[in-house]
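# Reading the structure
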Amino acid sequence: MNARAAAERDGDVAVFTFDNPPVNALSHPVRVALLAAIEALEADAGVRAIVLLGAGRNFIAGADVREFDRPPLEPLLPGLLSRLEACGKPVVAALHGATLGGGAETALASHYRCAAGDLQFGFPEVNLGLLPGAGGTVRLPRIAGWQAAFEMMTSGKPIGIDAAIGLGIVDRHIDAELRAGAIAWAREIAASRMPPRRVSELPIPPSRPSQFEEFLRALPAAARRLPAPPRIVEALASAAMLPVDAALARARTLFLECVNSTESRAFRHLFFAERGAAPDRDLARPVNQAAVLGAGTMGSGIAISLASSGIRVTLVETKDEALETGLNRVHAAITAAARKGRLSAEAAAAARERVRGALEFEAVSGADLVIEAVFENLAVKKEVFAQLGALCLPGAVLATNTSTLDVDAIAAASGRPADVVGMHFFSPANVMRLVEIVRGRQSSREAIATAFAVTKRIGKIGVPVGNGFGFVGNRMLYAYGREKELMLLEGAKPESIDKALQDFGMAMGPNAVGDLAGLDIGFQVRREWAGRPDDPRFYRVSDMLAELGRFGQKTGRGFYRYDGPNGERTADPEIVDLIRGEAERLKVKQRNIQSAEIIGRCVLALINEGARILEEGIAASPADIDVIWCNGYGFPRHRGGPMFHADTLGLAAVLESIRGYAKVHGERYWTPAPLLVTLAGANKRFADWQAERSG
Ligand code: 3H9
């Protein structure tokens, strides 16, 4: 922190600059400096007004989230902001860029607010399992009203300059030269002898007695079960009913309850895990022109992401019709993004311009990056990479989007394996943020760094993984799916399994996911999988449905029926008989299976496989596994991912349950991973293992 407050003076206006890169978080030294500055400037007869400014790209991104895991250090933010608000000289906050959480609260504790056009003002605390704990719940409704306060704080979505002015949060839009404009305005305020305008002294807007109950009911069911959203409503209700100091104290108590909750720890864990440093950033090669091979759903999705982020793309297909369908899909998605306000009309037009189609393979020859998304078949991919190796620019990075095949075998076929990496996107690729970046045995550091750089540039999260069947995500999915398939044979209904796992927090149940993805896809992959367990029960139900042509949504039947007027999902009574017949054939005894067993077997299978993956070095850290499962497979974020969840359950308890399953279901699938045994024996967590390794 570079506290330039006392030093910087523009005549009788003092300028305090928050200068704590990269985002001006309100870390302890910043708070110390701000408190000292307020005291000094208030006492300084030469100062008539104070301007607060953020150095760099934003005003303040909020409290320093890292500090929440340590004992709090004085001055605490709520008290500091009350002190700021009490300052006897007018304080003008000059906002730009991210003005979030504690940063937004700092702005509200100031007496006047001006902002630049790039303002992003909001309360994202809820995404970290928290509530605005430094006066936001008490001050914002006094300016913006109850509804806006409720919406901003429970959605976590920031608003721009126009909305902030509309709600009365920002008084002035200063287009150019924010610093100079703010100083001039502060001087005007001082000259006109306008007194400090303290938000907490404004009257609290009236509220109906039922208002806060209605807010609670308006929360989505899943949010109502989390600690933060109902507490946000409670903090707002306290602001309506209690005097300011008591309401602030209540908000602080509620905030601390949130900080200490497992859910908030889980969200914070993911916040940092998703920002894990990309390797060798400086080795990344520039990518201006990309080519995507295959204009199917996956290839088009990748092309949309690239083009929307400023990269020119050639979409290559072999057949005219397929190419046209792909290009139409790309254009339609970009237009839809503009309609939803995610892209401006000009940005959408530019993105469409960046995509062109080609029917001849030679079109890849000018690309800096080629992403192959053709049919999932090793022979086909080898053929493609042999051609790419011969045609592409030296140094061009050649990426395969395979989800299960051997990247080294594909790389070898190219004749230039150092340039080859895996970039495993998830469908729909223009929406899903995860990309598994697969290191081949011979992938160069430059190729990997380039894949990471492009992934970040297109707004996605890259996670490094090693080359092995299914990499991290799909390999674990097989353990999870294996158990749900066994339980289907053992008598659990598809809808019971889905409900249990959705109640646990999964975005969708696995049977509904299978129907959505198409049961023929997995069937095909398993048929080609040399390492498939020699077990007639393994994925038997899914395979049987695929053999019957019940591919899921696309055929109107899979685990469920989709033949209602709107194609909605309904349980299919036939499925129970189909599965029972298969269970009898395989001599699997059916019984009643409770949801605790459904969750236990599916989630512990995930954890056990995750531990093996860590031991084998296929994933670099438990946090990487968590990022993959939360972003690619709908694992509940408030549980932090499977490995964080295992730490929460306690590894000794996890091990005991696995051993319990081994007794009932045999050791074949329930041999505990040696790493799990070692850690549980030493009373350690996966997080400890990670901390020891990173020294
Ligand atoms: C709060 O304010 C509670 C209060 O109500 C009450 C308190 C009593 N703290 O995202 P990026 C790091 S809760 C610590 O890649 P971008 C981040 O880890 C807070 N570190 O950049 C990364 O580090 P590294 C409410 C933080 O340009 C680096 O900064 N506020 C924080 O894509 C760059 O981050 C929020 O939840 C932080 N608050 O996006 C806002 N923020 O380089 C959280 C960032 O080592 N932040 N870092 O990997 C964001 O949403 C984005 O960072 C932002 C910039 C939009 C600001």
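Structure first, text after, so check above.
Summarised in this report is the structure supplied together with it. (Residues numbered from 1 in each chain as written. Predicted model: local features only at pLDDT ≥ 70, side-chain atom pairs only at ≥ 80, totals over all residues. Heavy atoms only, no water.)

Another aspect to go through is the overall build of the chain. Secondary structure summary: the chain contains 30 helices and 18 strands in total. The C-alpha radius of gyration computed for the chain amounts to 28 Å, which stays within 12% of the reference 26 Å derived for 695 residues, consistent with globular compactness. Taking the principal axes of the C-alpha coordinates as reference, the chain spans close to 90 × 60 × 55 Å. Out of the 695 residues in the chain, the part that is buried amounts to 54%. For the chain, the exposed area adds up to about 28800 Å²; of that, 54% sits on carbon and sulfur atoms. If you average the places of the 80 positive and of the 79 negative side-chain charges in the chain, the two averages end up 2 Å apart. (Helix = DSSP H or I, 4+ residues; strand = E, 2+ residues; numbered from the N terminus. Rg over C-alpha atoms; globule rule 2.2 N^0.38 Å. Buried < 20%, exposed > 50% of the residue type's maximum accessible area, 1.4 Å probe, protein only. Areas by Shrake-Rupley, 256 points an atom, 1.4 Å probe, with all protein chains shown as cover. Lys, Arg positive; Asp, Glu negative; His and termini not counted. Charge placed at Lys NZ, Arg CZ, Asp CG, Glu CD.)

Residues Leu369 and Ile371 point to one face of strand S12 (residues 369-372) and Val370 and Glu372 to the other, with burial holding for every one of them. Pairing between strand S9 (residues 289-293) and S12: 4 bridges, direction parallel. Bridging across to S12, Val292 finds its partner in Ile371. The pairing of S12 with strand S13 (residues 397-400) spans 4 bridges and is parallel. Note that in S13 the partner of Glu372 across the bridge is Thr400. (Pairing = 2+ DSSP bridges.)

Put simply, helix H19 (residues 473-489) and helix H20 (residues 494-504) touch, their axes get as near as 9 Å, and they point 140° apart. Compared by their axis directions, H19 and H20 come out oblique. For the crossing formed where H19 meets H20, the hand is right-handed. Contacts between H19 and H20 pair Tyr480, Lys484, Met487 and Leu488 from the former with Pro494, Ile497 and Leu501 from the latter. (Axes fitted to C-alpha atoms, helices over the stretch in contact; angles between N-to-C directions. Parallel < 35°, antiparallel > 145°, perpendicular 65-115°, else oblique. Left-handed = near helix turned anticlockwise from the far one by under 90°. Contact = heavy atoms within 4.5 Å.)

With mixed pairing, the 6 strands of this open sheet are ordered in space as S1-S2-S3-S4-S6-S8. The open sheet is flanked by strand S1 (9-10) and strand S8 (172-173), the only strands paired with a single partner. Pairing analysis gives 2 bridges linking strand S6 (residues 112-115) to S8, with the strands arranged parallel. Within S8, the residue paired with Ala115 across the bridge is His173.

On to the site of the ligand. The immediate surroundings of the ligand are formed by 26 residues, with Ala61, Ala63, Glu105, Glu125 and Arg275 found nearest. Between the ligand and the protein, one listed contact pairs an oxygen atom with a side-chain N or O atom of Arg57 at 3.1 Å. Measuring from an oxygen atom of the ligand, one finds a side-chain N or O atom of Glu125 at 2.5 Å. In isolation the ligand exposes 1000 Å². Once the protein is present, 75% of that is buried. Broken down by secondary-structure element, the contributors of at least two residues to the shell around the ligand are strand S5 (98-100), helix H3 (102-109) and helix H12 (262-273). Classifying every residue of the shell around the ligand by side-chain character gives 16 nonpolar, 4 polar and 6 charged. (Near = heavy atom within 4 Å. Polar contact = N/O pair within 3.5 Å; in protein donor to acceptor, adjacent residues only side chain to side chain. Nonpolar A, V, L, I, M, F, W, Y, C, P; charged D, E, K, R; others polar.)

Along the chain, Pro21 connects to Pro22 via a cis peptide bond; the corresponding omega equals 5°. With respect to the helices, strands and loops of the structure, Pro22 is situated in the loop between strand S2 (13-18) and helix H1 (28-43). Cis geometry marks the peptide bond from Glu74 to Pro75, where omega comes out at -5°. Looking at the element boundaries, Pro75 is found in the loop between strand S3 (49-54) and helix H2 (77-86). Of note, the phi angle at Asp280 is positive, near 45°, even though the residue is not glycine.

Let us now look at the nonpolar core. Ranked by internal contacts, the top residues of the largest apolar core, which has 80 residues, are Val472, Trp629, Leu676 and Phe686. Sorting elements by how many residues they give to this core places helix H25 (residues 595-615) first, with 10 residues. Discounting chain neighbours no more than four positions away, the residues touching Leu676 are Asn608, Ala611, Leu651, Val654, Leu655, Ile658 and Phe686. With 71 residues, the next largest nonpolar core counts Ile50, Leu80, Ala104 and Phe150 among its residues. (Core = buried A, V, L, I, M, F, W, Y, C linked by side-chain atoms within 4.5 Å.)

Time to look at the sheet that holds strand S10 (residues 312-316). Read across the open sheet, the 8 strands follow the order S11-S10-S9-S12-S13-S14-S15-S16; overall the sheet is mixed. Strand pairing shows two members of the sheet lacking a second neighbour, strand S11 (355-358) and strand S16 (461-466), which therefore form its edges. Each strand axis lies, on average, 25° off the axis of its neighbour in the sheet, ignoring direction. On top of the sheet, helix H14 (residues 320-339) reaches S10 and S11; it is set at about 175° to S11, its chief contact. Each of S13, strand S14 (420-425) and strand S15 (434-439) touches helix H17 (residues 407-414); the most contacted strand, S14, lies at about 135° to it.

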